[in-house]
Amino acid sequence: MAFSIDGIRHPESLIEKEREELETHYRQRLAEEEYLEIAPKIPILARENVVARILVEAAAFEADPEVGYADVQAEFERMLEHFGGEAAFHERFAKSPDDHQGIKENIEKSLKVA
């Protein structure tokens, strides 16, 4: 099943993935009692997060700010350094060098939104 924002259809899997990520996040960071309290709200939070992200990205691309390769590369290197270097980043987020291009594309989107 898909959902529509501004006439553009998006797969429900976006919300499901966000829900799974939120569940993992809260399970790791909250005590069981606290998690059980927030668990019923997670599907709502997931939907709100996805909708907000789509709207913000759409607005950023409408404005089409210029983001250069050097800016993206510098932010990528800052991120790697923040997490203790490339190897530590890969281990922490279960990523590999094959994922770098996708990560940089996400950084570019983030810089356009910022």
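Along each chain, numbering runs from 1 in the same order as the chain's sequence is written. Thresholds applied to this predicted model are a pLDDT of at least 70 for local features of residues and 80 or more for the giving and counting of side-chain atom pairs; totals over whole chains, interfaces and linings are not thresholded and use all residues. By convention in this description, side-chain values take in all heavy atoms of the structure and omit both hydrogens and water.

1. Let's talk about the nonpolar core
Residue types Ala, Val, Leu, Ile, Met, Phe, Trp, Tyr and Cys, when buried and joined through side-chain atoms within 4.5 Å, form a set referred to as a nonpolar core. Burial status follows relative accessibility: with a 1.4 Å probe on protein chains alone, a residue under 20% of its type maximum counts as buried, one over 50% as exposed, and anything between as partly exposed. In this structure, Phe3, Ile5, Ile15, Leu22, Tyr26, Tyr35, Ile38, Ile42, Ala46, Val50 and Ile54 together form the largest nonpolar core, which totals 11 residues. Elements are defined by DSSP. Helices are runs of H or I of four residues or more, strands are runs of E of two residues or more, and each kind is numbered from the N terminus. Of all the secondary-structure elements, those providing two or more residues to this core are strand E1 (2–5), helix H1 (13–29), helix H2 (32–38) and helix H3 (42–63). With four residues, the top contributor of residues to this core is H3. The contact criterion used is simple: two residues touch if any of their non-hydrogen atoms lie within 4.5 Å. Those residues in contact with isoleucine 38 that sit more than four places away from it in its chain are Tyr26, Leu30 and Leu45. Phe76, Met79, Phe89 and Ile107 belong to the second largest nonpolar core, which has eight residues in total.

2. Some words on unusual backbone geometry
Positioned with a positive phi, aspartate 6 is a non-glycine residue whose angle comes to about 50°. Mapping aspartate 6 onto the fold places it in the loop between E1 and strand E2 (8–11). In this model, alanine 94 sits at a positive phi of 50°, which is unusual for a non-glycine residue. Mapping alanine 94 onto the fold places it in the loop between helix H5 (86–93) and helix H6 (100–113).

3. Quick look at the packing of helix H4 (residues 69–82) against H6
To obtain an axis, a line is fitted to C-alpha atoms, over the contacting stretch when the element is a helix, and the angle between two such axes runs from 0 to 180 degrees between their N-to-C directions. Running from N to C, H4 and H6 point in directions that differ by 110°, and their axes come no closer than 9 Å. Judged on the interaxial angle alone, H6 and H4 are roughly perpendicular. As for the relative orientation of H4 and H6, their crossing is right-handed in sense. Along the contact surface, H4 presents Tyr69, Asp71, Val72, Gln73, Glu75, Phe76 and Met79, while H6 presents His100, Ile103, Lys104, Ile107, Glu108 and Leu111. Residues are grouped as follows: Ala, Val, Leu, Ile, Met, Phe, Trp, Tyr, Cys and Pro are nonpolar; Asp, Glu, Lys and Arg are charged; every other residue, Gly included, is polar. For the contact of H4 with H6, a count of residues per class yields seven nonpolar, two polar and four charged. Orientation is classified from the angle alone, with under 35 degrees giving roughly parallel, over 145 giving roughly antiparallel, 65 to 115 giving roughly perpendicular, and any other angle giving oblique. Rotating anticlockwise by less than a right angle from the far helix to the near helix defines a left-handed crossing, while the corresponding clockwise rotation defines a right-handed one.

4. Some remarks on the pairing of E1
Only one face of E1 is covered, namely the face carrying Phe3 and Ile5; the face carrying Ala2 and Ser4 is uncovered. Strands qualify as paired when DSSP identifies two bridges or more between them. Two strands pair when backbone bridges link them, and E1 and E2 are joined in this way by four bridges, in the antiparallel orientation. Note that in E2 the partner of alanine 2 across the bridge is proline 11. Hairpin remark: E1 followed by E2, antiparallel, with two residues in the connecting loop; positive phi at aspartate 6, about 50°.

5. What about the layout of surface pockets?
Gaps between atoms show up when a probe of the same size as a water molecule is rolled over them. Method remark: on a 1 Å grid restricted to protein atoms, a set of points is classed as a cavity if a 1.4 Å probe fits but cannot get out and as a pocket if it is open with protein on both sides within 12 Å along at least five of seven lines; lining residues have an atom within 4 Å of a point. Grid points are joined across faces, edges and corners, and a volume is the space filled by probe spheres set on the points. The computed volume of the largest pocket comes to approximately 1,400 Å³. Lining the largest pocket are 35 residues; nearest its centre among them are Lys17, Glu18, Glu21, Arg53 and Asn106. Only E2, H1, H3, H5 and H6 provide two or more residues apiece to the lining of the largest pocket. A per-class count over the lining of the largest pocket returns 15 nonpolar, seven polar and 13 charged.

6. A few points about the confidence of the model for the chain
For every residue, the predictor assigns a confidence score, pLDDT, that lies between 0 and 100. The pLDDT averaged across the chain works out to 89; a share of 98% of its residues lies at or above 70. Averaged over each element, pLDDT in the chain is lowest for E1 (84) and highest for H2 (96).

7. Quick word on the pattern of salt bridges
When a carboxyl oxygen of Asp or Glu lies within 4 Å of a side-chain nitrogen of Lys or Arg, that pair is called a salt bridge. Evaluated as defined, the whole model comprises six salt bridges. The residue glutamate 18 makes a salt bridge to arginine 53 at a minimum N-O spacing of 3.0 Å. Pair noted here: glutamate 18 is in helix H1 and arginine 53 is in helix H3, with a separation of 35 residues, a long-range link. A salt bridge links glutamate 23 to arginine 19, with the nearest nitrogen and oxygen atoms 2.5 Å apart. Taken together, the residues span about one helical turn, with glutamate 23 and arginine 19 both in helix H1 at a distance of four residues. Overlapping salt bridges bring together Glu16, Arg19 and Glu23 as one network.

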